[in-house]
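# What the coordinates show
The residues making up each chain are set out below.
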Amino acid sequence: MTPWQLLDRALVPGYGELTLHQRGAYFVIRHDGAELMGSHDHGSEDLLASLACEGLATKPDARVLIGGLGLGYTLRATLDALGPTATVEVSELVAATVKWNRGPLAHLAGHPLDDVRAHVIERDVVEVIRAARGHYDAIMLDVDNGPDTTAGWGNPGLYSEAGLKRIIRALRPGGTIAIWAASETPAFIDAMRAVGLRAECVRARQRGTSNRHVLWMGRVR
Ligand SMILES: C[S@@+](CC[C@H](N)C(=O)[O-])C[C@H]1O[C@@H](n2cnc3c(N)ncnc32)[C@H](O)[C@@H]1O
């Protein structure tokens, strides 16, 4: 079998290291050796976008935020779901990930960063959300394992009561929160409802395996 080849590495200040690997047509980004995102399956990352963007295709000047660029699949699915006047902001913590998406990874999701509607913000999504007021129709988060995070990033504050309230403040009336998670954390739906969201848990099967990812969907009333 063809061995994995290490293409590049980048430090995440305070949170270890990202590495980019290739084996034939497949690419993987690892965080301290554990797979963060691979090109072999992106069904749940695509579904995150299509659910979050429901009803926005014909909305003039729709504006959405994606937390975490990864391999660009959620960005691609978002661009495909929205109309020509939309703005898609992608917040990415690790500058090297953006460089990889402009280089060896660009073809995977059909060069989404070349779309004029896509705007990369090389900044922590926590800060981007904190600074926004009534700004987005949807906010999608796929930055780690989700509310049950073990990936070692500084993101758990996103999923706390204060974090959810900050996301709601950043949304336009009727806006949508969509959060990717590796596993189901039953208490999280109660946390979403406690801050006033209409909340739903959608299970997305990972192709070719019995694994299920979870999408936490919340709508501002
Ligand atoms: C699992 S990947 C995202 C996969 C992506 N949905 C896709 O379709 O390829 C997670 C990404 O989030 C980024 N990330 C992690 N924490 C972040 C934060 N606080 N703000 C912005 N980006 C972050 C990582 O560097 C990585 O690029």
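Refer to the structure above for everything that follows.
No experiment lies behind these values; they were computed from the predicted model shown.

Reading guide: rules and limits
Residues numbered from 1 in each chain as written. Predicted model: local features only at pLDDT ≥ 70, side-chain atom pairs only at ≥ 80, totals over all residues. Heavy atoms only, no water. Helix = DSSP H or I, 4+ residues; strand = E, 2+ residues; numbered from the N terminus. Polar contact = N/O pair within 3.5 Å; in protein donor to acceptor, adjacent residues only side chain to side chain. Contact = heavy atoms within 4.5 Å. Pairing = 2+ DSSP bridges. Axes fitted to C-alpha atoms, helices over the stretch in contact; angles between N-to-C directions.

## With respect to the side chain of Ser91
On the secondary structure map, Ser91 appears in strand 6 (residues 87-91). Within the structure, Ser91 has its side chain in polar contact with the backbone oxygen of Arg123 (distance 2.7 Å). Apart from the residues within four sequence positions on either side, Ser91 is in contact with Leu65, Ile66, Gly67, Gly68, Leu69, Ile121, Arg123, Asp124, Val125 and Val128.

## Focus: the sheet that holds strand 7 (residues 118-121)
Reading across from one edge, 7-6-5-8-9-11-10 is the order of the seven strands in this open sheet, with mixed pairing throughout. Each end of this open sheet is capped by a strand with a single partner; those strands are strand 7 and strand 10 (197-205). Ignoring strand direction, the axes of neighbouring strands in this sheet form an average angle of 15°. In this sheet, strand 11 (residues 212-220) lies alongside strand 10 in antiparallel orientation, the contact comprising nine bridges. Paired with Ala204 across the two strands is His213, which belongs to strand 11.

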